[in-house]
Amino acid sequence: MQRFRFSAGRLPDEALLSGLATGDPELAVTFVRRFQHTVFGVAVAVTGDPQLAEDVAQQTFERAWRHAQVYDARRGSVSTWLTTIARNLAIDAIRTRRPEPVAPEDLDAVLGAVSETPEQYALADEASTRLRAAVAELPREQGRALVMAGIYGMTAQQIADWERIPLGTAKTRIRTAMGKLRTSLASSKRGDDGQ
């Protein structure tokens, strides 16, 4: 005996979500199939990583299953609710992701790069250009320490270990680089204001 007079694929989104909450396997499969491309699209757009986006999409459907009973149609459609969950989980996944370490010999190339890169496209405004120029003007050791601390999130102790220098030297390089950067950016901003 068939449970529905029409196929589950023709049910409204809210009915599929209710079926997901009750654990009905046919409705759950239909729900996932209906929204899988949308959820994955949001996740990959936020993370930029298809493999991580797959994990986020799976977590999104798990969360929807666990919290289907709190869905409120007055606050938005099922699709909006689901994409909001996907977006939030993708942002969380990015925040908890650890940066991949870069060998010290590769940092020189990163600091000296002036060709067009994806990072330059993403940070193509005037402030980022000034920041890049100010970092490039720093002495190489200070620039490396600043990048290791500021971009890669390394502690002064980790930088000291990596560079094989005393802890105090690593701290001084970071502190001095930050001071020079502040001064350089402040004077550059004053120069812009005066024009």
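The residue count restarts for each chain, going from 1 along the sequence in the order it is written. Where totals are concerned, whole chains, interfaces and linings use all residues; where local detail is concerned, this predicted model gives features only for residues with pLDDT of at least 70, and gives and counts side-chain atom pairs only at 80 or more. Excluding hydrogens and water, the side-chain values take into account all heavy atoms of the structure.

## Some remarks on the overall build of the protein chain
Think of it this way: any DSSP run of H or I at least four residues long counts as a helix, any run of E at least two long counts as a strand, and we number them from the N terminus. When helices and strands are counted, the protein chain shows 10 helices and zero strands. Along the protein chain, from the amino end to the carboxyl end, the secondary structure elements read α-α-α-α-α-α-α-α-α-α. When accessible area is computed with a 1.4 Å probe and restricted to protein chains, residues below 20% of their type maximum are described as buried, those above 50% as exposed, and intermediate ones as partly exposed. Counting across all 195 residues of the protein chain, residues that qualify as buried make up 30%. Accessible area of the protein chain: about 12900 Å², with a carbon and sulfur share of 53%. Only the protein chains shown count as cover for residues, and the accessible areas themselves come from Shrake-Rupley with a 1.4 Å probe.

## A look at the nonpolar core
Membership of the largest hydrophobic core comes to 26 residues, with the highest contact counts inside it found for L17, F31, F35, V39, W81 and L82. Where this core is concerned, the elements lending two or more residues are α1 (13-22), α2 (25-47), α3 (50-67) and α4 (78-96). Tallying contributions element by element places α4 first for this core, with eight residues. For V39, the residues in contact, after removing those within four places along its chain, are A57, T60, F61, L82 and A86. Only buried residues count toward a nonpolar core, which is a set of Ala, Val, Leu, Ile, Met, Phe, Trp, Tyr and Cys residues joined through side-chain atoms within 4.5 Å. Contact between two residues is taken to exist if any of their heavy atoms lie within 4.5 Å; hydrogens are not considered.

## Structural notes on the confidence of the model for the protein chain
Within a predicted model, pLDDT stands for the predictor's per-residue confidence, ranging from 0 to 100. Overall, the prediction assigns the protein chain a mean pLDDT of 77, with 75% of residues at 70 or greater. Averaged pLDDT values for the elements of the protein chain fall to 43 in helix α6 (residues 118-122) and rise to 90 in helix α9 (residues 156-163). Confidence over residues 113-125 falls short of pLDDT 50; this stretch has seven contacts with residues more than four positions distant or in other chains.

## Side note on the environment of G150
Looking at the secondary structure, you find G150 in helix α8 (residues 140-150). Judged by its relative accessible area of 63%, G150 falls in the exposed class. Sequence spacing of G150 and I174 is 24 residues, and the spatial spacing of their C-alpha atoms is 9.2 Å.

## A closer look at the environment of V135
Secondary-structure assignment places V135 in helix α7 (residues 126-137). Residue classification places V135 among the buried positions, given a relative accessible area of 16%. The sequence separation of V135 and V147 amounts to 12 residues, and the corresponding C-alpha distance is 8.6 Å.

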